[in-house]
Amino acid sequence: MTQHQRLLIIDFGSQVTQLIARRLRELSVYCEIHPYQQVDDAFLAEFAPKAIILSGGPDSVTRIGSPRPPKSVFTLGVPVLGICYGQQVMMQELGGLVETGHGTAEFGRAYVTPAADRLPLLDGWFNGADGREQVWMSHGDHVSRIAPGFQVFGTSPGAPFAITADPSRNFFAVQFHPEVHHTPNGAKLYENFVRLAGFTGDWTMASYKDEAIARIREQVGDKQVICGLSGGVDSSVAAVLIHEAIGDQLTCVFVDHGLLRLNEAEEVVTMFRDNYNIPLIHADEADLFLGELDGVSDPETKRKIIGRLFIDVFQKYASQIDGAEFLAQGTLYPDVIESVSFSGGPSVTIKSHHNVGGLPEKMGLKLVEPLRELFKDEVRALGRELRLPEKFIGRHPFPGPGLAIRCPGEITREKLEILRRADAVYIDQIRRHGLYDDIWQAFAAILPMRTVGVMGDGRTYDFALALRAVTSVDGMTADYYPFTHEFLGETSTRIINEVRGINRVFYDCTSKPPGTIELE
Ligand code: XMP
């Protein structure tokens, strides 16, 4: 458990609770999200939060049996901020009144105006020309009577109690969502809240690195650890961190399944061999994977085959390492939140994500997951602390099944080769135009069709290529990237001129949802 000052976010199921954590981490404040069902008096005593935030949520506090925090949240003597449902639950629990409907529901943009008295939570607010602040509302219920001790500090047309507080107890309640983009000055509110709560911003990656190293040493002792290395930023940072902690007690296994990008295997292996001297097994298993994928076109079947073979191969190499007791994984905090999420996770399987899950039980290994408290950008910051080359740190995510899911329909070596070269030209274009870091993920996919074209004086009948580029915060939702027409035209011309086998290029302008990021 971290020794930093800690803030607890009690989750009532809002879609945007993760964003609260993001805003706080950006302020160098350590926080954790826990579903309200998990939080009782014993939990609070152990967690010892320095402040608490009650999130929004879809339920109505007017419904009997609706979610509640334990009463001790309000007697611990720490500052509490209630947001939306959290605001309403706070009012209800502290003696106010919440009612449903009556035409006062508000969804979307609203403007809050200040009351006469100033509140330190609102420092830096209401300084604009019209003295109002834009906020994002999303509520059906509303507070109709505030709790004793509370005072109004801001109102909107639909929410007379948009901002209320009991300054003597440091209790604050807002009807809107300060964590979302559409509340442009929302970050300031969080900044004020953590300042009032006495946080000193002690959550930095430099301190985290030392603590994580100490924890890994304690967990692992003198045993051996194996780590599946994909070349992605998460597994690379995990490997280097563990290597700093336990040196050659770590062995990495890099599985080349024949579905990697151009020069990827060499780059990853060289980076690790040259810079780190980490024992590294380079498992070239392309024939095995491509052999079993031969003739398979169904996306789920492809994913299952790759997942199964990955486990087999990993097991084969891991069994050659004497005394391996631990498996290292680059699990991130969003994965942890997902697996304990309020709603119990997604109800339908969109795709079977491939990772090395399933291995620990099969092999009787214990897990080392040094990144499970971090968001992706924090992993990148940690990577910089560990002096990983920038080229690795800033890499776009690359899925475990690799090019298999960027090659809809049957996979052939010919298609993979064309795809690799086209993808390299596309990424080179993006880098040349200085766009790489603005994009969450960009890649080419080879479509399962040939089209007719004309080149020089001749007819061509070649593959069509789809280009994809998206912006995203966490990969859960995404917008397509708005390239200029000039960029798209130039890229298409370069690909067709430089890559034999492609005679047509499409740009995919589907967002997620309804699309997914990968094509399969
Ligand atoms: P989708 O296509 O589901 O992808 O919108 C969301 C993000 O996850 C990556 N992705 C995967 N990563 N194993 C992985 O390690 C997988 O099986 C997998 N499938 C998709 C995808 O690249 C995107 O960043």
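Rules behind the numbers
- Residues numbered from 1 in each chain as written.
- Predicted model: local features only at pLDDT ≥ 70, side-chain atom pairs only at ≥ 80, totals over all residues.
- Heavy atoms only, no water.
- Helix = DSSP H or I, 4+ residues; strand = E, 2+ residues; numbered from the N terminus.
- Buried < 20%, exposed > 50% of the residue type's maximum accessible area, 1.4 Å probe, protein only.
- Contact = heavy atoms within 4.5 Å.
- Areas by Shrake-Rupley, 256 points an atom, 1.4 Å probe, with all protein chains shown as cover.
- Lys, Arg positive; Asp, Glu negative; His and termini not counted.
- Charge placed at Lys NZ, Arg CZ, Asp CG, Glu CD.
- Salt bridge = Lys/Arg side-chain N within 4 Å of Asp/Glu carboxyl O.
- Phe/Tyr/Trp six-rings, centres within 6.5 Å; stacked < 30°, edge-to-face > 60°.
- Lys NZ or Arg CZ within 6 Å of the ring centre and 35° of its normal.
- Pairing = 2+ DSSP bridges.
- Axes fitted to C-alpha atoms, helices over the stretch in contact; angles between N-to-C directions.
- Left-handed = near helix turned anticlockwise from the far one by under 90°.
- Nonpolar A, V, L, I, M, F, W, Y, C, P; charged D, E, K, R; others polar.
- pLDDT = per-residue confidence, 0-100.
- Core = buried A, V, L, I, M, F, W, Y, C linked by side-chain atoms within 4.5 Å.

Engineer: Sorry, what's going on with the overall build of the protein chain here?
Structural biologist: On a plain count of helices and strands, the protein chain comes out with 15 helices and 20 strands. Expressed along its principal axes, the backbone C-alpha trace of the protein chain runs to roughly 80 × 60 × 40 Å. Out of the 520 residues belonging to the protein chain, those deemed buried represent 56%. Long-range contacts, defined as pairs at least 24 residues apart, comprise 77% of the intrachain contacts of the protein chain with a sequence gap of at least 6. Summed over all atoms, the accessible surface of the protein chain reaches about 22300 Å², with 51% contributed by carbon and sulfur. The positive charge centre, built from 50 side chains, and the negative charge centre, built from 67, are 2 Å apart in the protein chain.

Engineer: Any chance you could explain the pattern of salt bridges here in plain terms?
Structural biologist: Charged atoms that come close allow side chains of opposite charge to pair. Under the counting rule described, the total for this entry stands at 33 salt bridges. Between Asp-222 and Lys-223 there is a salt bridge, with the nearest N and O atoms lying 3.3 Å from each other. For Asp-222, a relative accessible area of 63% puts it in the exposed group. Here Lys-223 falls in the partly exposed class, since its relative accessible area comes to 31%. We note a salt bridge from Glu-264 to Arg-261, for which the minimum N-O separation is 2.8 Å. Arg-261 carries the same exposure label as Glu-264, and that label is buried. Taken together, the shared-partner salt bridges in this structure form one network comprising Arg-261, Glu-264, Glu-267, Lys-391 and Arg-395.

Engineer: Would you explain the packing of aromatic side chains in this entry?
Structural biologist: For the structure shown, the criterion picks out 17 aromatic pairs. Through pairs of rings, three or more aromatic residues link up here, namely Tyr-426, Tyr-480, Tyr-481, Phe-483, Phe-487 and Tyr-507. Here the guanidinium or amino end of Arg-261 rests over the ring plane of Phe-398, the centre of that ring lying 3.9 Å away. The ring centre of Phe-463 lies 4.2 Å from the NZ or CZ of Arg-450, which sits over that ring.

Engineer: So what exactly am I meant to see when it comes to the sheet that holds strand β14 (residues 280-284) here?
Structural biologist: Adjacent strands of a sheet form backbone hydrogen bonds with each other and so pair up, either parallel or antiparallel. The five strands are arranged β14-β13-β12-β15-β16 in an open sheet whose pairing can be described as parallel. With partners counted over all chains shown, the strands left at the sheet margins are β14 and β16 (366-368), one partner each. The mean inter-strand angle of the sheet, taken between neighbouring strand axes irrespective of direction, is 30 degrees. Note that strand β12 (residues 224-229) and strand β15 (residues 324-328) share four bridges and pair parallel. Directly across from Ile-226, in β15, lies its bridge partner Leu-327. In the packing of helix α5 (residues 205-220) onto the sheet, contacts are made with β12, β15 and β16, and the angle to β16 comes to roughly 165 degrees.

Engineer: Explanation requested: the packing of helix α1 (residues 17-26) against helix α4 (residues 186-196) in the structure shown.
Structural biologist: How two helices sit against one another is set out by the angle between their axes and by the gap between those axes. Their axes nearest at 10 Å, the elements α1 and α4 cross at an angle of 65 degrees. The handedness of the crossing between α1 and α4 is right-handed. Residue-level contacts link Ile-20, Arg-23 and Leu-24 of α1 to Ala-187, Tyr-190 and Val-194 of α4. Partitioning the contact of α1 with α4 into residue classes produces five nonpolar, no polar and one charged.

Engineer: Before we go on, may I ask you to explain the pairing of strand β10 (residues 159-166) in this structure?
Structural biologist: In the case of a regular strand, side chains alternate between the two sheet surfaces. Burial analysis of β10 places seven of its eight residues in the buried class, the great majority of the element. Alignment of strand β9 (residues 151-156) against β10, held across four bridges, turns out to be antiparallel. The residue bridging Gln-151 from the neighbouring strand is Ala-165, located in β10. Turn length for the β9-β10 hairpin, with the two strands adjacent in sequence and antiparallel, is two residues.

Engineer: Teacher, can you tell me more about the confidence of the model for the protein chain here?
Structural biologist: Low pLDDT means the predicted coordinates in that region are not meant to be read closely. Scored by pLDDT, the protein chain has a mean of 91; 95% of the residues are at 70 or more. Note on residues 343-347: pLDDT is under 50 here. Beyond four places in sequence and across chains, it has one contact.

Engineer: Help me out: how do you make sense of the nonpolar core in this one?
Structural biologist: Generally speaking, soluble globular proteins have nonpolar side chains that are buried together. Of all hydrophobic cores here, the largest spans 98 residues; its most connected members are Phe-272, Tyr-426, Ile-430, Phe-483, Ile-495 and Ile-502. Those residues within four positions of Tyr-426 in sequence are excluded, and the remaining contacts are Ala-442, Phe-443, Ala-444, Leu-467, Arg-468, Ala-469, Phe-483, Phe-487, Thr-491, Ile-495 and Tyr-507. Membership of the second largest hydrophobic core comes to 40 residues, among which are Ile-53, Phe-153, Val-336 and Ile-337.

Engineer: Whenever I open this one, α4 confuses me. Can you help?
Structural biologist: Within an α-helix, residues lying three or four positions from one another point in the same direction, as the helix has 3.6 residues per turn. Along α4, the positions that sit buried rather than exposed are Gly-186, Leu-189, Tyr-190, Asn-192, Phe-193 and Val-194. Buried residues along α4 sit against β1 (6-11), α1, β3 (51-54), β4 (80-83) and β11 (171-174).

Engineer: Would you explain the sheet that holds β11 in this entry?
Structural biologist: Strand order in this open sheet of nine strands is β2-β1-β3-β4-β11-β10-β9-β6-β7, and the pairing throughout is mixed. In the strand order of this sheet, the two ends are held by β2 (30-35) and β7 (133-139), each with one partner. Between one strand and the next, the sheet's axes are offset by a mean angle of 25 degrees, whatever the strand orientation. The sheet strands contacting α1 are β1, β2, β3 and β4, and the helix crosses β2 at an angle near 165 degrees. Contacts from α4 reach β1, β3, β4 and β11, with the element oriented near 155 degrees to β4.

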